[in-house]
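If you want the building blocks of each chain, they are given just below.
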Amino acid sequence: MTDPTRLYIGGEWVEPAGGYYEVVNPADESVVGLAPEATRDQVAEAARAASEAFEGWSRTRPEERAAILDRAADVMQREFEPWAALARAETGAPTGIARGMQVGVGVARFRRYAKGALEPVERGLPPQVTEAGPMGKAAILGALEVRQPVGVVTCVTSYNNPWANPAGKVAPALAMGNTVVVKPAPQDPLSVFKMAWALHEAGVPAGVVNVVGGASVEVGEAAVDSPYVDMVSFTGSTGVGQRIAEVCGRTMKRQLMELGGKGAAIVFEDADLDAAVMGIGTTFSFYSGQICTAPTRVIVHRAVYGRLVEKLTGYLAFMKVGDPAERGTVVGPVISAAHRDRVESYVELGRKEGARIAHGGERPVVGEAGRGFYVAPTLLVDCTNDMRVVREEIFGPVVVVVPFDGDEDEAVRLANDSDFGLLSYVWSGDSARAFRVARRLRAGGVGINTIGRNMEAPFGGFKRSGVGRDVGSYALHAYSETQSIVWPS
C-alpha cells in the first residue's frame, strides 16, 4: 500500500479535510492505497484557484503550454512501469491493457495536445459588402473567427480508464488555455493524482490544474455547481449525465458529455464471420466489457445466425478469466462487488426474459481464495429487441444476439430502436451496402468491418449517448468558445 494521496489545489498538495478512504484492488480485494476525501469547501477552494489562474494561463504563449504538456508526458514515460502497475491494481485491467491502453494512451494524448496547442485559433472570413442603412454607411466589413478558451473546466472522469479518459479532457483543455478542476472516479483515483504530479513536475503554474477526489456524491456536486466553473466535461452513465445537465442548465454552463452506449453490430449474410467474431469478442476482454463503445448488441441475419453463435461460443472457450497480473489472462475482474452483482442480475434477467445462455452465466472462481470481482464472459442468444438486456446498458462482459430475417431496412430499424447512439458497427462483404447502412444509423460513429478508431475523427454520441464531440482537433474546439471580430476594411 502506498502512502496516502493528498488533494492537489492551487499548486499545493493539501491534506483532505474529509480524511481518506481505501481504494480496493478488484482482482483480489486487497487495499491498493488511501485516496483523499475532499469537502465541499475544498472543492470551492480548488475552483476559486482555477478561476484566479485563468487570466494568466489563457494569455500564455501556445509554445509555453505545449512545452509543459510535453514535459508532463516525459514524466509519465519515465514513470511508466510503476504507474502501469498502479493502473492495473486500481482497475483490474490485464497488464497489456494497463500498459498500452491506459498509461500509454495517456502519454500519447499529452503529446498530441502539446502539438494541438500550436494549432491556429484564428480564421479569416470573406469580406462582406453592406449597403447604407439604419446600421450605418455603406462599407466593406472584414471578419475574423477566433477560438477563445471557455474558462474553468470541471473534468469528471470515468472509472474504466483513469489515464486515457482524464488525459483526453485535461490535455486539450489546457492546450486551449483553460484551467481545470478534475474530479476522478472514486473507484480508481490514484492514477489521476499521478497525472497531476506529472504536470506539477512539468512546471504547470499554480491553480491551472486542481484535483479533488472523494467517494461522496457531494464532492462531484460541488465541482459541477460551483459559480467559478464555466464548463463541465463528463464521462459516465446517462443517468448521472442528465443530472449534471440539469445543474449546468441553471447557469448555462457549457457541457461535453460522453454517456452510455449499447453499440449495435449489424452482421449481414455476406460478412466475414471470423472478422466479426474478433470484433464482437473484444466486448468480453476489453476492460471486461466496461466500455461504452463495445459492440454489445449483435443484430445478425438469420442465414448466418447459427454459424455466428457457434463461432462466438468457440471464441469464448479460449478466453482465460483470471488475475490480471498473470500471463495469459484475457478477462480480468469488473470494478467492484456492487457492479459484479449488477452485471450478474442482468444475466439472470435475460434468462427470465427468454434469452438462452449460450456461454457463461456462472460466477468464476479465481485463485485458491476465490476473491475478486469476476464475471464470466456471457453470450445471450435468441434475444428480441424488447428485452431489457437488449435495450439497457449492462457495462460488463455480456453480449446479446438478435436475429433478423429481412433486408437492410429491418437491420437498420432494429439498430436504431435504442435510446443510445454512441458507436455502431456494420459487417458486410458489400462495401457499398455497408456505407449505405452506416449513413442511416443514428450513432455518433460507425465502424465498417472494424472496431478500430481513427483518433483524429470526431467522437461523441447521438440521443442519450452524449452531447458534443472531442478527440483530435475536435477536442480543442470542444474546450473553446467561438468569437467573431468584425471591422471596416
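See the structure shown above.
Residue positions are given per chain, counted from 1 along the sequence in the order it is written. Only residues with pLDDT of at least 70 are given local features in this predicted model, and only at 80 or more are side-chain atom pairs given and counted; all residues enter the totals for whole chains, interfaces and linings. Just so you know, side-chain values use all the structure's heavy atoms and leave hydrogens and water out.

S.K.: What is the right way to look at the overall build of the protein chain in this model?
M.R.: Per the secondary structure count, the protein chain includes 15 helices and 22 strands. Our radius of gyration is a C-alpha quantity, and the globule rule it is checked against amounts to 2.2 Å times the number of residues to the power 0.38. Rg of the C-alpha trace for the protein chain: 24 Å, near the compact-globule value of 23 Å for 489 residues, within the 12% margin. On the principal axes, the C-alpha backbone points of the protein chain span a range of 70 × 65 × 40 Å. Classification of residues uses two cut-offs on accessible area relative to the type maximum, computed with a 1.4 Å probe and protein chains only: under 20% is buried, over 50% is exposed, and between them is partly exposed. Residues classed as buried in the protein chain amount to 54% of the 489 residues present. Residue pairs at least 24 apart in sequence account for 73% of intrachain contacts in the protein chain once pairs closer than 6 positions are excluded. Here the protein chain contributes 50 positively and 58 negatively charged side chains, and the mean placements of these two sets differ by 3 Å. Comment: elements are numbered from the N terminus, with helices defined as DSSP H or I runs of at least four residues and strands as E runs of at least two. Note on definitions: a residue-residue contact is assigned when non-hydrogen atoms from the two residues lie within 4.5 Å. Only four residue types enter the charge count, namely Lys and Arg as positive and Asp and Glu as negative; His and the chain termini do not. By convention, charge coordinates are those of NZ in Lys, CZ in Arg, CG in Asp, or CD in Glu.

S.K.: What am I meant to see in the pattern of salt bridges here?
M.R.: If the charged atoms of two oppositely charged side chains come close together, the side chains can form a pair. Any carboxyl oxygen of Asp or Glu that lies within 4 Å of a side-chain nitrogen of Lys or Arg is treated as forming a salt bridge with it. Taken as a whole and judged by the stated rule, the model has 28 salt bridges. The salt bridge involving Lys311 is made with Asp274; its shortest N-O contact spans 2.9 Å. With a gap of 37 residues between them, Lys311 in helix 10 (residues 302-316) and Asp274 in helix 9 (residues 273-285) connect regions that are remote in the sequence. We classify Lys311 as partly exposed; its relative accessible area is 32%. Taking the relative accessible area as the measure of exposure, Asp274 reaches 47% and is therefore partly exposed.

S.K.: What should I look at first to understand the side chain of Asn178 in this one?
M.R.: Inspection of the secondary structure puts Asn178 in the loop between helix 5 (164-175) and strand 8 (179-183). Only 2.8 Å separates the side chain of Asn178 from the backbone oxygen of Tyr479, close enough to count as a polar contact. Any pair of N or O atoms that falls within 3.5 Å is considered a polar contact. Within protein, one atom must be able to donate a hydrogen and the other to accept it, and sequence-neighbouring residues count only if both atoms are side-chain atoms.

S.K.: Sorry, what's going on with the pairing of strand 4 (residues 31-36) here?
M.R.: Two faces make up the sheet, and in a regular strand the side chains alternate between them. In this description, strands pair whenever DSSP reports at least two bridges between them. Here strand 3 (residues 20-24) runs beside strand 4; their pairing, made up of five bridges, is antiparallel. Considered in strand 4, the bridge of Tyr20 is made with Pro36. Taking the residues that link successive antiparallel strands as the turn, the strand 3-strand 4 hairpin has six residues, and the phi of Glu29 there is positive, at about 70°.

S.K.: Sorry if this is basic, but what is going on with the nonpolar core here?
M.R.: With 75 residues, the main nonpolar core has Leu69, Met76, Phe110, Leu174, Val180, Leu199 and Val209 as its most contacted residues. Residues in contact with Phe110, not counting those within four places in the same chain, are Leu69, Ala72, Ala73, Met76, Ala167, Val170, Ala171, Met195 and Leu199. Think of a nonpolar core as a cluster: buried Ala, Val, Leu, Ile, Met, Phe, Trp, Tyr and Cys residues, connected wherever their side-chain atoms sit within 4.5 Å. In terms of nonpolar packing, the next biggest core, distinct from the first, is built from 33 residues, Val267, Val300, Val309 and Phe459 among them.

S.K.: Would you mind going over the sheet that holds strand 5 (residues 122-130) with me for this structure?
M.R.: Backbone hydrogen bonds hold the strands of a sheet together, and the pairing may be parallel or antiparallel. Across the sheet, three strands lie side by side as 5-6-22; this open sheet has antiparallel pairing. In the strand order of this sheet, the two ends are held by strand 5 and strand 22 (480-488), each with one partner. On average, adjacent strands in this sheet sit at an angle of 25° to one another, irrespective of strand direction. In this structure, strand 5 lies alongside strand 6 (residues 139-149), joined through seven bridges in antiparallel fashion. Bridge assignment links Val129 to a residue of strand 6, and that residue is Ile140. Lines fitted to the C-alpha atoms define the axes, with helices restricted to the stretch that makes contact. Angles between their N-to-C directions range from 0 to 180 degrees.

S.K.: Teacher, can you tell me more about the sheet that holds strand 16 (residues 398-404) here?
M.R.: Read from one edge to the other, the open sheet built from seven strands follows the order 14-15-16-13-12-18-19, with strand pairing classed as mixed. Each end of this open sheet is capped by a strand with a single partner; those strands are strand 14 (356-359) and strand 19 (445-448). Taking each pair of neighbouring strands and ignoring which way they run, the sheet shows an average axis angle of 25°. Sheet analysis places strand 13 (residues 297-301) next to strand 16, joined by five bridges and oriented parallel. When the sheet's bridge partners are listed, Val300 is paired in strand 16 with Pro403. Strand contacts of helix 13 (residues 408-416): strand 12 (264-267), strand 13 and strand 16, with the helix running at about 170° to strand 13, the strand carrying the most contacts.

S.K.: Hey, could you run me through the packing of aromatic side chains in this one?
M.R.: By convention here, two paired aromatic rings are described through the distance between centres and the angle between planes. Aromatic rings from Phe, Tyr and Trp, taking only the six-membered ring of Trp, are treated as a pair when their centres fall within 6.5 Å; an angle between ring planes under 30 degrees marks them as stacked, one over 60 as edge-to-face, and anything in between as tilted. In total, this model carries seven aromatic pairs according to the counting rule given. Seen in terms of ring centroids, Tyr159 and Phe395 are 6.0 Å apart; in terms of plane orientation they differ by 85°. Their pairing is edge-to-face. Here Tyr159, found in the loop between strand 7 (152-156) and helix 5, pairs with Phe395, found in the loop between helix 12 (388-391) and strand 16; they are 236 residues apart in sequence, far enough to count as distant. Three or more aromatic residues joined by ring pairs make a cluster, and in this case those are Trp83, Trp163 and Trp197. We note Arg302 situated over the ring of Tyr305; from NZ or CZ to the ring centre the distance is 5.9 Å. Geometrically, a charge over a ring is one whose NZ (Lys) or CZ (Arg) sits within 6 Å of the ring centre while staying within 35 degrees of the ring normal.

S.K.: Sorry if this is basic, but what is going on with the environment of Ser484 here?
M.R.: Relative to the helices and strands, Ser484 is located in strand 22. Residue Ser484 is classed as exposed on the basis of its relative accessible area, which comes to 58%. The sequence separation of Ser484 and Gly124 amounts to 360 residues, and the corresponding C-alpha distance is 9.9 Å.

S.K.: Explanation requested: the packing of helix 5 against helix 6 (residues 190-202) in the structure shown.
M.R.: As a packed pair, helix 5 and helix 6 sit with axes 11 Å apart at the nearest point and diverge in direction by 30°. With respect to each other, helix 5 and helix 6 are oriented roughly parallel. Crossing angle aside, the handedness with which helix 5 passes helix 6 is right-handed. Seen from helix 5, the contacting residues are Pro166, Ala167, Val170 and Leu174; seen from helix 6, they are Val192, Met195 and Leu199. Three residue categories are used. Nonpolar comprises Ala, Val, Leu, Ile, Met, Phe, Trp, Tyr, Cys and Pro, charged comprises Asp, Glu, Lys and Arg, and polar comprises the others, including Gly. Residue composition of the contact of helix 5 with helix 6, by class: seven nonpolar, no polar and no charged. Roughly parallel means an angle under 35 degrees; roughly antiparallel, over 145; roughly perpendicular, 65 to 115; everything else is oblique. For any helix crossing, the convention is left-handed if the near helix is rotated counterclockwise from the far helix by under a right angle, and right-handed if that rotation is clockwise.

S.K.: Sorry, what's going on with helix 14 (residues 431-440) here?
M.R.: Counting along an α-helix, one turn takes 3.6 residues, and residues three or four places apart therefore face a common direction. Looking at helix 14, one finds that the buried residues are Arg433, Ala434, Val437 and Ala438. Angular distribution of buried residues about the axis of helix 14 spans 135°; they occupy a single face of the element. Summarising the geometry of helix 14, the exposed residues directed more than 90 degrees from the buried face are Ala432, Phe435 and Arg439. For helix 14, the secondary structure elements touched by its buried residues are strand 12, helix 13, strand 18 (423-427) and strand 19. A side-chain oxygen of the first residue of helix 14 lies 3.1 Å from the backbone nitrogen of Ala432; this N-cap is Asp430. Of all possible arcs, the one meant is that of the directions from the helix axis to the C-beta atoms.

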